[in-house]
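# Examination of the molecular architecture
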Amino acid sequence: MVSKEMYELGAKRSVIRELFEYGKQQAAIVGKENVFDFSIGNPTVPAPECVKEAMIELLETKKSDEIHGYTSAQGDIEVRKGLAEYMNSTYKSELKADNFYMTCGAAASLCITLKALTVNSEDEFIIVAPYFPEYQIFIKSAGGKVVIIPADTEDFQINMDLLEKAITPQTKGIIINSPNNPSGVVYSEKTFKNLADLLKNKSKEYEKTLYLISDEPYREIVYDDIQIPYVPSYYENTIVCYSYSKSISLPGERIGYILVPDCVENSKEIYTAVCGAGRSFGYVCAPSLFQKVVLKCLGKTSDIGLYDANRKLLYDGLSKMGYQCVRPDGAFYLFVKALEEDAVNFSENAKKFNLLIVPGDDFGCPGYVRISYCVDPEMLKRSFDAFQKLRDLYK
Ligand code: PLP
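Given the structure is predicted, the values throughout are model-derived calculations rather than measurements.

### Side note on the overall build of the protein chain
Helix and strand counts for the protein chain come out as 14 helices and twelve strands. Relative to the 2.2 N^0.38 estimate, which gives 21 Å for 395 residues, the radius of gyration of the protein chain is 21 Å and therefore close to what a compact globule would have. With the C-alpha coordinates aligned to their principal axes, the bounding extent of the protein chain is approximately 60 × 55 × 55 Å. Split into buried and exposed, the 395 residues of the protein chain put 55% on the buried side. Contacts in the protein chain between residues at least 24 apart in sequence constitute 74% of all its contacts with a sequence separation of at least 6. Total accessible area computed for the protein chain in this model is approximately 17800 Å², and 50% of it derives from carbon and sulfur atoms.

This is the structure:
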């Protein structure tokens with residue numbers, strides 16, 4: 001006997017994974033060059049040179065236990081100190097090593113944070129469509145309840161009226177993600193200000209702390225001089241979940257952190273609960289070598305210009321064909337209105353031209369498809385003919 005719930009979760013692949021696997025099968029039949037796989041968000045731009053240099057230096061100069069041994073459960077103290085200094089010089093924050101807990105990427109950061117905050121099964125966490133589908137799984141697994149607010153398809157910012165209605169005395173927190181997967185939208189200053197005001201007012205009204213969980217794996221992947229703010233400067237009760245999966249193209253190395261700044265109410269208590277949640281999951285001592293690698297790469301990113309070139313090519317190309325695209329200011333996704341109401345069917349039709357695009361339904365936003373453009377630019381250029389054929393199917 002196994003847990004039915006866990007069995008079902010394990011047996012069911014995500015739509016993204018389904019498409020990705022389908023793409024591999026199709027490639028064997030029609031040739032890799034004839035499959036246009038825009039399904040998965042796996043960075044294709046190489047990790048910056050500092051990653052390789054740091055690895056070589058560490059491997060050549062450090063003793064085995066210094067780079068492969070256990071670090072403290074919350075992460076190496078020098079790494080966390082370095083992170084605090086980097087954040088302080090970048091954002092004028094006043095962070096210390098003990099505000100950081102190193103993790104195996106944003107997924108672990110979110111799971112630990114949610115587990116640390118969830119007191120009982122009545123605790124509600126609000127997610128804003130379109131959202132990263134795993135949020136629902138993470139919240140349920142922490143023992144909380146998922147509350148979804150529908151997408152504001154006007155501009156894909158947060159609809160504050162809907163959010164206000166969704167906040168109840170049971171609300172524990174809200175997860176936001178900017179730059180956003182799947183829309184590519186970056187929340188505006190106005191959104192952050194309005195969100196902070198609303199959360200402050202509601203905290204007062206219900207006499208409880210509402211936590212903002214800011215999921216930021218795409219923080220540095222922004223275009224046209226857009227800056228992502230330090231979210232706790234808008235709203236103090238913010239816990240940041242970060243990852244190096246996208247910014248320096250290390251998704252397989254599983255490295256990130258949780259930041260619990262001192263300005264969060266009862267920050268020490270929360271940080272201790274984060275350590276406890278990490279312990280209860282066995283998520284202690286994030287990969288030791290890569291903790292030290294990221295310390296040597298602070299402030300570096302992969303070549304965002306390469307994603308930017310793909311973004312322009314795709315946005316301009318598809319817009320010219322008559323597709324309605326949400327303007328992406330960050331991340332590496334283009335969110336496009338399906339040419340029929342049923343985006344699942346639209347995605348099925350796209351497969352006829354070996355075009356693999358993900359229906360928005362699983363992101364809580366039916367009627368749209370996500371195109372992940374962290375792909376080879378040559379593949380992108382070759383795909384235009386298929387996009388045109390898909391367009392013509394709906395004429
Ligand atoms: N959050 C968002 C919005 C993501 O897009 C992803 C990965 O695609 C994650 C979290 C998980 O990131 P990680 O690979 O660092 O666990």
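Having put the structure on the table, let's press on.
### Observations regarding helix H10 (residues 267-281)
Residues that lie three or four places apart on an α-helix share one face, since the helix turns once every 3.6 residues. Relative to the 21 Å expected for 15 residues at 1.5 Å per residue, H10 spans 21 Å between its end C-alpha atoms, a close match to the ideal helical length. Against helix H5 (77-91), strand E2 (100-103), helix H6 (105-117), strand E6 (211-215), strand E7 (238-243) and strand E8 (256-259) lie the buried residues of H10. Residue Gly282 follows H10 closely and has a positive phi angle near 80°.

### A word on the domain arrangement of the protein chain
Taken domain by domain, the protein chain comprises domain 1 (4-48 + 302-393) and domain 2 (69-295). For the pair domain 1 and domain 2, the two sides together bury roughly 2400 Å², of which 63% comes from carbon and sulfur. On inspection of domain 1 and its partner domain 2, the count reaches two salt bridges. Connecting domain 1 to domain 2 are 13 residue pairs in polar contact (both at pLDDT 80 or more).

### Brief notes about the site of the ligand
The environment of the ligand is formed by 14 residues, the closest being Asn181, Asp215, Tyr218, Ser243 and Ser245. One nitrogen or oxygen atom from the main chain of Ala107 is found 2.9 Å from an oxygen atom belonging to the ligand. For the ligand, an oxygen atom lies 2.9 Å from a polar atom in the side chain of Lys246. In isolation the ligand exposes 390 Å². Once the protein is present, 91% of that is buried. With three residues, the single largest contributor to the shell around the ligand is H6. Grouping the constituent residues of the shell around the ligand by class yields six nonpolar, five polar and three charged.

### What to know about the UniProt feature "domain: Aminotransferase class I/classII large" (unreviewed entry) in the protein chain
UniProt records the feature "domain: Aminotransferase class I/classII large" (unreviewed entry) at residues 34-385, using the numbering of this structure. End-to-end, the C-alpha atoms of residues 34-385 are 11 Å apart, and along that stretch the chain is 40% helix and 14% strand.

### Examining the sheet that holds E6
Across the sheet, which stays open at both edges, the seven strands sit in the order E2-E8-E7-E6-E5-E3-E4 with mixed pairing between neighbours. The two strands at the open ends of the sheet, each matched to only one other strand, are E2 and strand E4 (145-149). Neighbour-to-neighbour, the strand axes of the sheet open up by a mean angle of 20°, direction not taken into account.

Conventions used here
- Residues numbered from 1 in each chain as written.
- Predicted model: local features only at pLDDT ≥ 70, side-chain atom pairs only at ≥ 80, totals over all residues.
- Heavy atoms only, no water.
- Helix = DSSP H or I, 4+ residues; strand = E, 2+ residues; numbered from the N terminus.
- Rg over C-alpha atoms; globule rule 2.2 N^0.38 Å.
- Buried < 20%, exposed > 50% of the residue type's maximum accessible area, 1.4 Å probe, protein only.
- Contact = heavy atoms within 4.5 Å.
- Areas by Shrake-Rupley, 256 points an atom, 1.4 Å probe, with all protein chains shown as cover.
- Expected span 1.5 Å × (residues − 1).
- Domains from an automatic or database assignment.
- Buried area = accessible area lost by both parts, 1.4 Å probe.
- Salt bridge = Lys/Arg side-chain N within 4 Å of Asp/Glu carboxyl O.
- Polar contact = N/O pair within 3.5 Å; in protein donor to acceptor, adjacent residues only side chain to side chain.
- Near = heavy atom within 4 Å.
- Nonpolar A, V, L, I, M, F, W, Y, C, P; charged D, E, K, R; others polar.
- UniProt positions renumbered as here; feature names shortened; annotations may be inferred.
- Pairing = 2+ DSSP bridges.
- Axes fitted to C-alpha atoms, helices over the stretch in contact; angles between N-to-C directions.

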